[in-house]
2 protein chains.
Amino acid sequence: MARAHWGCCPWLVLLCGMYKITQDVHGYLPVTVVNTTMSLTALRQQMQTQNLSAYIIPDTDAHMNEYIGQHDERRAWITGFTGSAGTAVVTMKKAAVWTDSRYWTQAERQMDCNWELHKEVGTTPIVTWLLTEIPAGGHVGFDPFLLSIDTWESYDLALQGSNRQLVSITTNLVDLVWGSERPPVPNQPIYALQEAFTGSTWQEKVSGVRSQMQKHQKAPTAVLLSALEETAWLFNLRASDIPYNPFFYSYTLLTDSSIRLFANKSRFSSETLSYLNSSCTGPMCVQIEDYSQVRDSIQAYALGDVRIWIGTSYTMYGIYEVIPKEKLVTDTYSPVMMTKAVKNSKEQALLKASHVRDAVAVIRYLVWLEKNVPKGTVDEFSGAELMDKFRGEEQFSSGPSFETISASGLNAALAHYSPTKELNRKLSSDEMYLLDSGGQYWDGTTDITRTVHWGTPSAFQKEAYTRVLIGNIDLSRLIFPAATSGRMVEAFARRALWDAGLNYGHGTGHGIGNFLCVHEWPVGFQSNNIAMAKGMFTSIEPGYYKDGEFGIRLEDVALVVEAKTKYPGSYLTFEVVSFVPYDRNLIDVSLLSPEHLQYLNRYYQTIREKVGPELQRRQLLEEFEWLQQHTEPLAARAPDTASWTSVLVVSTLAILGWSV
Amino acid sequence: MARAHWGCCPWLVLLCGMYKITQDVHGYLPVTVVNTTMSLTALRQQMQTQNLSAYIIPDTDAHMNEYIGQHDERRAWITGFTGSAGTAVVTMKKAAVWTDSRYWTQAERQMDCNWELHKEVGTTPIVTWLLTEIPAGGHVGFDPFLLSIDTWESYDLALQGSNRQLVSITTNLVDLVWGSERPPVPNQPIYALQEAFTGSTWQEKVSGVRSQMQKHQKAPTAVLLSALEETAWLFNLRASDIPYNPFFYSYTLLTDSSIRLFANKSRFSSETLSYLNSSCTGPMCVQIEDYSQVRDSIQAYALGDVRIWIGTSYTMYGIYEVIPKEKLVTDTYSPVMMTKAVKNSKEQALLKASHVRDAVAVIRYLVWLEKNVPKGTVDEFSGAELMDKFRGEEQFSSGPSFETISASGLNAALAHYSPTKELNRKLSSDEMYLLDSGGQYWDGTTDITRTVHWGTPSAFQKEAYTRVLIGNIDLSRLIFPAATSGRMVEAFARRALWDAGLNYGHGTGHGIGNFLCVHEWPVGFQSNNIAMAKGMFTSIEPGYYKDGEFGIRLEDVALVVEAKTKYPGSYLTFEVVSFVPYDRNLIDVSLLSPEHLQYLNRYYQTIREKVGPELQRRQLLEEFEWLQQHTEPLAARAPDTASWTSVLVVSTLAILGWSV
């Protein structure tokens, strides 16, 4: 269905609520506004056919992907609002969107007068609104493949006793209206990773999961995998259906006697089909069934004497509702998510190797910036493009792992900022510059943030940067008992900031995959992350943001390793595998303790050892020189805080051999 | 019902399971075993009358008290096992107890062959056992006043679909069997605190709670208070029904137009009745109703157009089940629990004052020990008695706030160890000694732990002690954002231990009251504690325990106060209000940073300022002298770890004016 943009003055959008402007006054709305009247009319016709009083349009796809394909951007299409988070609900008379503060301005600019903006999130405000908008006895329709089990439960709970009923409709009504204009579902080949880039064969992984099924107290007969990364990991298969993530639309039903992969069969080459043993039907043969058949197939399988093991976090209600409760074995995360979280030694080596090459790309970019920023010819967008280009030139590159955040000055204080060709800021020696970027490589996924200043930073900028750095170091060098949850230790990344009355408003880190998700659950420092274990990789990324002025983030990826402690015990610590030096220009050495300096200098030595030879091998001599300079050992300077005075005196006396 | 102790050899108790020993072989069981055959027979008769296949006997009372009265020790009486934690279940053929590892040995020694010991906890293993022991269609009886809402829900959930049914029976069947032998319910006078010891009048508190009711989104018409400390706090009333806690059996139903206090009216003097305005019936008059009427009264009140606000954590199923769900307004903690958690300025001053006098008592004891332990005449039990005596001599004393933990050498490594007159260990200059004790005073409740060594501690003991001390200091001096949860910061108390591969297995702290509970929820560092706020008090108590050798704990009570940060913001920190110096003999100064030393010396200065004048006023000159010695400023010593070498050199150069 075609739609036109309104052309009008932005401030007049405010008139919507006051004068009930309709489409024939379209001269008075922002140019960015999308006319949704026709699509809404068509959607309401579909709702009427289904006898619905309301229809929920979530922002997810059927696999809880972080980045979703264009053909899944139903909420964006029906509302005009393209932000990544926000739920729409349409009744016969009204249409509304609920989104969080990051997107309020954008939503107001993009939505026409058909839509109300609600500045809240969660199901409670939506249900509260629904109860006033739809009559008793009304039906609230939803696509069960777009609601997670948890979300469905919260709608269901909130509506209990209200005489309004949730109705699951497997045909998506927005898709019916969208019709032929809806972008096609991706159809590129699905390919197998070369063995050099996999930690185990798919057969080994299948056997490992089956072994967990056998050991499980509730003896599941099958594991159902709904997250795309689960199927990609299990079979060592990749494609490019999702932006930034090398996945393909799929489900897997791995039973004790069969392997059923739901995907578009035409996308597999004969070599890949043979790699999957797909011509047979034994327990180690992958039968490929059509993606669209998954619900019916699960339902049919569930008729037998079976128990299906699911991870509730990634299973949508559309699958969940066809499995009788007594045949479900539920955990928060599937055994594949849990196994994938711990990398074996080959996967660790692969991920580390990708980080060495990634460091080369970042260092090339930093060296180039140092020369070109003073010329005044670099902007955030062209910079980001060059960063992506340098990464693309690295061996095994498969594009960026997320949209490069290239932010100068005050833009770095905005959450989720990315420049566009049209809207960007010039890089300058007078401002700080924040680069948060990462790559997909066949051997690993990377994610690193560095913040730099090419001129003279203010004392406050240096202090804030150094406190962020101390936070990074304090968490990175922390020794903690095995199986400690990240939530219990993430404050070590904040203490140095808190001490001065500073803080940051985001999480402290997330897991990362081997050519999989850049934000790989369930590893990390949030309350719903699992406990830390040897072999996990997580980012460590404290920051500080001064609204309207600058933003700092220092992000490294670290491997969880065993710690050697003075007294024996099962303890862990982190081994940082990101290899780009911090900006010496922004470090106030007087704030660092001897332990910080020692840690930092050891880290710099590691960078030299890992990245130096790679730069030399590639004849990147200017970069090699830069690396040597930027990894010179840092020396303690005279402390400037009162608390150090006593140690100075006492230490001096001690050195001079005086008794104290 | 009378019972006899078996007289026999301890190891033969193991025969129970093998030979089905019955009571006529009572010559072969430990002397500590209680014969429960008759009481069990009588209980099973009661169960038969009620048509029950099983009966659950929890370890709680009707108010979730931490310490329970003798007349509530039903589980102990019916099983013989007197440990504080453990649930019993009796079927027509079997009887079993579930308890945790702390109590396995004790339970085996105390229970006769009628009982099976299960070494698990939680409702799941109990229900799993029940399903094999009782027939389909069977009824499982329980006293609804002894199951919290959560516990009832977990039994209910586990039994769902099993064709076994939970049956709530308000008459306790154990009490019927116990009969006239059951200790009487306490009946001492209930008295009002003098105004000097209260933070607000009860009228102010009632108005405050009503104001919260009015502001509440769900407009509750009443608040129901089930925890004894809630009613005691609200009316500034105290008694001594519960060991260590100055409470009385009660409930309060505070409605928008009435105040209904459920208690034994005969326990109030005419002055107290007049203090409560109990002769009128207006909204500020306290109507006293009989304690036993609470369930019927709530049920009757719930017939009206009302909404009753409860804290689910302290409400038992016996109250919950008589309120229709749609008339319940639930929070985890009642508004009284939430309000009580934050002390106003008068309550803060009162609590601090009680800690100054408490420090005098502890210092008197430590000074006495220092002189008498070398004589070899002090044991753990006589020591604990003297500690309690010294506390009892302090102004406003109302007894200890919990059973004094006085533990020498290896005993200090045992959780929950308390000496008895019969079983105790001699204190010695060759061993460490741990004292964890506290007092109830009209103005406040105290809790402090100190660990001392009068001889020559080993290097490891000094290192462990110093690391525990560093943990205490690191958490005490932490600056953190307002509303941070304790769980997020408690690891600061562990870091110095973790660093060396050491740790402790208990929590890091708990709230404390004004002449209320020594473990006052919901303040603390656990995951179910509420966020920290200015005006809360919490203990900070890291430790280290070496099995079979020694135990260390350093516990202080601290007030949450606003922190002054370099940059403005809403930050908090702790102000320690326990005023007893640590043991210099156990501190390895070389492990302390300049910040630790600075903190410690400032704390010692505060101790001198707070406790010194009090000792002088009381003519406790020997104690005053001791205090001066033990609070001499500590000076840094030459560090002995490699990491300090660089700062020494660099600092020295800096002092000498050399450029580095």
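Computed from a prediction, not measured in an experiment: that's the story for all the values here.

Chemist: I tried to follow the sheet that holds strand β12 (residues 286-289) of chain B on my own but got confused; where do I start?
Modeler: One key point about sheets: their strands pair by backbone hydrogen bonds, in either a parallel or an antiparallel sense. Residues and elements named next belong to chain B. Strand order across the open sheet formed by 6 strands is β12-β11-β10-β8-β13-β14, with mixed pairing between neighbours. Taken across any chain shown, the strands that pair with only one partner, and hence form the sheet edges, are β12 and β14 (328-331). When strand polarity is set aside, the average angle formed by the axes of neighbouring strands in this sheet is 20 degrees. This element, helix α9 (residues 228-235), spans β8 (222-225), β10 (251-255), β11 (259-262) and β12 of the sheet and lies at about 55 degrees to β10.

Chemist: What is the right way to look at the sheet that holds strand β17 (residues 432-437) of chain A in this model?
Modeler: Residue and element names in this part refer to chain A. Strands sit in the order β16-β17-β20 across an open sheet of 3 strands; the sheet is antiparallel. In this open sheet, the two strands that pair with only one neighbour each are β16 (405-408) and β20 (448-453). On average, each strand axis in the sheet is tilted by 10 degrees relative to the strand beside it, whichever way the strands run. Bridge analysis of β16 against β17 gives 4 bridges, and the strand direction is antiparallel. What sits directly across from Ser 406, in β17, is Leu 435. Strands in contact with helix α15 (residues 380-392) are β16, β17 and β20; relative to β16, the strand with the most contacts, it is inclined by about 145 degrees.

Chemist: Is there a simple way to explain helix α16 (residues 459-476) of chain B in this structure?
Modeler: Since one α-helical turn is 3.6 residues long, residues separated by three or four positions face the same way. With 18 residues, α16 of chain B should cover 26 Å at 1.5 Å per step; its first-to-last C-alpha distance of 25 Å lies within 8% of that length. The buried fraction of α16 of chain B is high, at 16 of 18 residues.

Chemist: Explanation requested: the packing of helix α19 (residues 594-617) of chain B against helix α20 (residues 621-630) of chain B in the structure shown.
Modeler: In helix packing, the relevant descriptors are the interaxial angle and the interaxial distance, both defined with respect to the helix axes. Residues and elements named next belong to chain B. It is at 10 Å that the axes of α19 and α20 come closest, and there the two elements cross at 170 degrees. In terms of their interaxial angle, α19 and α20 are classed as roughly antiparallel. Two secondary-structure elements touch here, α19 through Tyr 604, Ile 607, Arg 608, Val 611, Gly 612, Leu 615 and Gln 616 and α20 through Glu 623, Phe 624, Leu 627, Gln 628 and His 630. Considered class by class, the residues forming the contact of α19 with α20 number 6 nonpolar, 4 polar and 2 charged.

Chemist: So what exactly am I meant to see when it comes to the packing of aromatic side chains here?
Modeler: Within a pair of aromatic rings, the relevant descriptors are the distance that separates the centres and the angle that separates the planes. Scanning the entire structure with this criterion turns up 50 aromatic pairs over all chains. Measuring from ring centre to ring centre gives 6.5 Å for Tyr 365 of chain A and Tyr 433 of chain A, while their planes differ by 65 degrees; the resulting arrangement is edge-to-face. In this pair, Tyr 365 of chain A is assigned in helix α14 (residues 345-372) and Tyr 433 of chain A in strand β17, connecting sequence segments 68 residues apart. By relative accessible area, Tyr 433 of chain A is classed as buried at 0%. Between Phe 197 of chain B and Trp 442 of chain B the ring centres are 5.6 Å apart and the planes differ by 70 degrees, which places this aromatic pair in the edge-to-face class. One end of the pair, Phe 197 of chain B, is in the loop between β7 (191-192) and α8 (202-215); the other, Trp 442 of chain B, is in the loop between β18 (439-441) and β19 (444-445), and 245 residues separate them in sequence. On the accessibility criterion, Phe 197 of chain B (8% relative accessible area) is buried. Trp 442 of chain B sits in the partly exposed class, given a relative accessible area of 29%. By way of ring pairs, the aromatic residues Phe 142, Trp 152, Tyr 317 and Tyr 320 of chain A are connected into one cluster. The ring of Tyr 320 of chain A carries Lys 325 of chain A above its face, with NZ or CZ at 4.4 Å from the centroid.

Chemist: Explanation requested: the domain arrangement of chain A in the structure shown.
Modeler: Residues and elements named next belong to chain A. What the domain assignment reports for chain A is domain 1 (36-181), domain 2 (191-341) and domain 3 (345-631). In this structure, domain 2 and domain 3 have C-alpha centres spaced 34 Å apart. Counting residues at the interface gives 22 residues for domain 2 and 24 residues for domain 3. Summing both partners gives a buried area of about 1900 Å² for domain 2 against domain 3, and 61% of it is carried by carbon and sulfur. Of all residues in domain 2, Phe 197, Tyr 244 and Ala 341 bury the most surface against domain 3, accounting for 36% of the area lost on that side. If you look at where domain 2 meets domain 3, you find 1 salt bridge. Between Glu 520 and Lys 340 there is a salt bridge whose closest N-O contact spans 3.6 Å. Taken together, the connections running from domain 2 to domain 3 amount to 6 residue pairs in polar contact (both at pLDDT 80 or more).

Thresholds applied
- Residues numbered from 1 in each chain as written.
- Chains lettered and ligands numbered in written order.
- Predicted model: local features only at pLDDT ≥ 70, side-chain atom pairs only at ≥ 80, totals over all residues.
- Heavy atoms only, no water.
- Pairing = 2+ DSSP bridges.
- Helix = DSSP H or I, 4+ residues; strand = E, 2+ residues; numbered from the N terminus.
- Axes fitted to C-alpha atoms, helices over the stretch in contact; angles between N-to-C directions.
- Contact = heavy atoms within 4.5 Å.
- Expected span 1.5 Å × (residues − 1).
- Buried < 20%, exposed > 50% of the residue type's maximum accessible area, 1.4 Å probe, protein only.
- Parallel < 35°, antiparallel > 145°, perpendicular 65-115°, else oblique.
- Nonpolar A, V, L, I, M, F, W, Y, C, P; charged D, E, K, R; others polar.
- Phe/Tyr/Trp six-rings, centres within 6.5 Å; stacked < 30°, edge-to-face > 60°.
- Lys NZ or Arg CZ within 6 Å of the ring centre and 35° of its normal.
- Domains from an automatic or database assignment.
- Buried area = accessible area lost by both parts, 1.4 Å probe.
- Salt bridge = Lys/Arg side-chain N within 4 Å of Asp/Glu carboxyl O.
- Polar contact = N/O pair within 3.5 Å; in protein donor to acceptor, adjacent residues only side chain to side chain.

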